[in-house]
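Examining the three-dimensional arrangement
Residue-level listing of the chains:
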Amino acid sequence: MEIEKKDIRSLTKEQLRDFFVANGDKAFRGNQVYEWLWSKASHNFEDMTNVSKETRSMLENNFVINHIMVDQMQRSEDGTVKNAVRLHDGLIVESVLIPTETRTTACVSSQVGCSLDCNFCATARLKRMRNLEPGEIYDQVVAIDRESRLYYNRPLSNIVFMGMGEPLMNYNNVMKAIAMITSDEGMGMSPKRITVSTSGVSKMIKKMADDDVKFKLAVSLHSAIEETRNHIMPFTKNFQLPELREALQYWYQKTKSKITYEYVVWKGINDDQASIDALVKFCKYVPCKVNLIEYNPIDDGEFQQASDVSIDNYIKELAKNDIVAKVRRSRGKDIDAACGQLANKS
């Protein structure tokens, strides 16, 4: 019976060095292989030309590299690129490249499907199959960086964890992936260019603050009225607003990093004055800014984009209270790559 080989990227550099020593080789061989795996993002032992053929076949006999493949790539009229990414076990996730005049942002997934049940989101209709491994998250970023260089002649500038899944429900793997993305031994990106977006998992927000992370935090809020928020995102009954508020105050006290609230305005759900007043009040608890996001309907159901007048009312009221707010127009709608549309239709 064939034993299941371990994914070599689950080993630390020290463990790789130990492996080589245990197999009668020099420890520095581990450094060489580690560099191939991360800095050079190699998916194949055969690529590792500065180690001998014998060593490569020993690696082949002991390990696998569970890498991703871009199964299908779609380009939107606005330049957005969506990748359907095939994982080693045949499951698919999606990631998106969003270009603007000055930057290229990667929107990456952290789970296959999603643990949560937000009623307005297509991804939430897929049940959560599994968490992504650190290497699978890292590979999405490498693929988008390559596409950015190819199509836009510049490296990737920003990363948002706003693809499929709730990043804080896959905490350890997301943190390991970010550690490699920001490491000089990986992609060497500044953590300040990374934003992790959560639907509000309070205790994990506190854990991030305790872990002294250097990236930015965004929270999908969508309503600062408990009843409305529970209706839009039923799981938030377990993460009520007072608890979220306390976690965000804790985050700011520890990190001094402003929070971004992601907020979609829907017709007849949160486009009234009471919703605006509640958001203004909630924004005063912690230094923050608000992104008002254009909604991308996923069917003809109850969630429909609010009128421009409703959005303007939000903007005016927030401005009056010195809260920075901007309207984020959706990108990649024509290829189902916009916020809330990632559902593996391919």
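Calculation notes
- Residues numbered from 1 in each chain as written.
- Predicted model: local features only at pLDDT ≥ 70, side-chain atom pairs only at ≥ 80, totals over all residues.
- Heavy atoms only, no water.
- Core = buried A, V, L, I, M, F, W, Y, C linked by side-chain atoms within 4.5 Å.
- Buried < 20%, exposed > 50% of the residue type's maximum accessible area, 1.4 Å probe, protein only.
- Contact = heavy atoms within 4.5 Å.
- Salt bridge = Lys/Arg side-chain N within 4 Å of Asp/Glu carboxyl O.
- Helix = DSSP H or I, 4+ residues; strand = E, 2+ residues; numbered from the N terminus.
- Pairing = 2+ DSSP bridges.
- Axes fitted to C-alpha atoms, helices over the stretch in contact; angles between N-to-C directions.
- 1 Å grid on protein atoms, 1.4 Å probe; cavity = no way out; pocket = protein on both sides within 12 Å on 5 of 7 lines; lining within 4 Å.
- Points joined across faces, edges and corners; volume = space filled by probe spheres on them.
- Nonpolar A, V, L, I, M, F, W, Y, C, P; charged D, E, K, R; others polar.

What to know about the nonpolar core
One finds Leu-248 and Tyr-261 to be the most contacted residues of the largest nonpolar core, which totals 99 residues. Residues contacting Leu-248, with those up to four places away along its chain left out, are Ile-205, Leu-217, Val-219, Ile-259, Tyr-261, Phe-282 and Val-286.

Section: the pattern of salt bridges
A complete count under the given rule lists 15 salt bridges for this structure. Between Asp-89 and Arg-130 there is a salt bridge whose closest N-O contact spans 2.7 Å. Of the two residues, Asp-89 sits in the loop between β4 (81–86) and β5 (92–99) while Arg-130 sits in strand β8 (residues 130–131), which places them 41 residues apart along the sequence. By relative accessible area, which is 39% here, Asp-89 ends up partly exposed. Notably, a salt bridge pairs Arg-130 with Glu-136, separated by 2.9 Å at the nearest N-O pair. When salt bridges that share partners are traced, they join Asp-89, Arg-130 and Glu-136 into one network.

Focus: unusual backbone geometry
Its identity is not glycine, yet Ala-41 carries a phi of approximately 50°, on the positive side. As for its placement among the helices and strands, Ala-41 is situated in the loop between α2 (28–37) and α3 (53–62). Judged by relative accessible area, Ala-41 falls into the buried class, the value being 8%. Here the phi dihedral of Lys-256 falls at roughly 55°; this positive angle occurs in a residue that is not glycine. One can find Lys-256 in the loop between α8 (241–255) and β12 (259–264).

With respect to the sheet that holds strand β9 (residues 158–161)
Read from one edge of the open sheet, 10 strands run β3-β4-β5-β6-β9-β10-β11-β12-β13-β14, paired in mixed fashion. If you trace the sheet from one side to the other, it starts and ends with β3 (69–75) and β14 (324–328), each paired once. The sheet shows a mean angle of 20° between the axes of neighbouring strands, taken without regard to direction. Here helix α4 (residues 134–152) sits on the sheet in contact with β3, β4, β5, β6 (104–107) and β9, set at roughly 35° to β5. Strands β9 and β10 (194–198) of the sheet are contacted by helix α5 (residues 171–182), whose axis makes an angle of about 170° with β10.

What about the side chain of Asn-158?
Topologically, Asn-158 is positioned in strand β9. Using a relative accessible area of 12% as the deciding quantity, one classes Asn-158 as buried. Every residue in contact with Asn-158, bar those within four places of it in the chain, is listed here: Arg-103, Thr-104, Thr-105, Ala-106, Met-189 and Arg-193.

Concerning empty space enclosed by the protein
Taken as a whole, this structure holds one cavity of 30 Å³ or more when the rule is applied. By volume, the largest cavity is sized at about 30 Å³. As for the largest cavity, its lining consists of Ile-293, Glu-294, Gln-305, Asp-308, Ile-311, Val-327 and Arg-329. The class makeup of the residues in the lining of the largest cavity is three nonpolar, one polar and three charged.

Brief notes about α2
Here α2 lies mainly inside the structure; seven of its 10 residues are buried. Listed as buried for α2 are Arg-29, Gly-30, Gln-32, Val-33, Tyr-34, Trp-36 and Leu-37. In the core, the buried residues of α2 are packed alongside α1 (13–22), α3 and α5.

As for the layout of surface pockets
Here the second largest pocket is characterised by a volume of approximately 320 Å³. Residue lining of the second largest pocket: 16 residues in total, with Arg-9, Ser-10, Leu-11, Pro-134 and Lys-176 positioned closest to the centre. Mapped onto the lining of the second largest pocket, the elements with two or more residues apiece are α4 and α5. Taken together, the residues of the lining of the second largest pocket break down into six nonpolar, five polar and five charged.

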